[in-house]
Amino acid sequence: MHVTLDVVLFSYLDRPIFDVFINGKVGHGSGVYPRTGGGTISGVQLPLGGQKVTWRYADTGETIVAKNVPELSDLSKDARYLAVYIYPDDTVELLTTPHYPRASPRGELEIRKLEAKHGK
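Residues numbered from 1 in each chain as written. Predicted model: local features only at pLDDT ≥ 70, side-chain atom pairs only at ≥ 80, totals over all residues. Heavy atoms only, no water.

Q: Hey, could you run me through the pattern of salt bridges in this one?
A: Throughout the structure, instances matching the rule amount to 7 salt bridges. Close ionic contact of Arg80 with Asp6 constitutes a salt bridge, the shortest N to O distance being 3.7 Å. Separated by 74 residues along the polypeptide, Arg80 in the loop between β8 (71–72) and β9 (81–86) and Asp6 in strand β1 (residues 2–11) bring together distant segments of the chain. On the basis of relative accessibility, which here comes to 46%, the residue Arg80 falls in the partly exposed class. (Salt bridge = Lys/Arg side-chain N within 4 Å of Asp/Glu carboxyl O. Helix = DSSP H or I, 4+ residues; strand = E, 2+ residues; numbered from the N terminus. Buried < 20%, exposed > 50% of the residue type's maximum accessible area, 1.4 Å probe, protein only.)

Below you can see the structure in the form of structure tokens.
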């Protein structure tokens, strides 16, 4: 089974990334926090189950494969958005929502760490 969602990227890395792919789809980029994201990729069709997430660092071109395999499952009927959260430990969290997503609870902690390191 597949689902079609609008994808929004949240990167909590302190370096810019690009070519964020979920199973080879999407191809989005992100600046350094707090300038993450860059819009919404509309109408991305993804299978339910484990997702392979990769991204490249803009400064070196190095491709990173997420250390975990985030699951896309148990979607509610009103799910419209897929938030892709990329964390400094190279793990990824996927959350669906009927409304435009916000920072994740773990992301809020990462934001505080980055603000302490770099200032607000």
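Q: Help me out: how do you make sense of the nonpolar core in this one?
A: The nonpolar side chains of a soluble globular protein tend to be buried, and buried together. Judged by nonpolar contacts, the single largest core of 22 residues is most densely connected at Ile17, Ile22, Trp55, Leu82, Val84, Ile86 and Val92. Elements with a minimum of two residues in this core: β1, β2 (17–22), β4 (40–47), β6 (53–57), β9 and β10 (92–97). Ranked by the residues each element gives to this core, the list is headed by β1, at 4 residues. With residues up to four places along the chain from it excluded, the contact list for Leu82 reads Leu5, Asp6, Val7, Val8, Ile22, Leu46, Leu72, Leu94, Leu95 and Thr96. (Core = buried A, V, L, I, M, F, W, Y, C linked by side-chain atoms within 4.5 Å. Contact = heavy atoms within 4.5 Å.)

Q: What am I meant to see in the environment of Ile86 here?
A: Inspection of the secondary structure assignment puts Ile86 in strand β9. On the basis of relative accessible area, Ile86 is assigned to the buried category, the value being 0%. For the pair Ile86 and Phe10, spaced 76 residues apart in sequence, the C-alpha to C-alpha distance is 6.3 Å. The contact partners of Ile86, leaving out residues within four places of it in the chain, are Leu9, Phe10, Ser11, Tyr12, Leu13, Ile17, Val20, Trp55, Thr91 and Val92.

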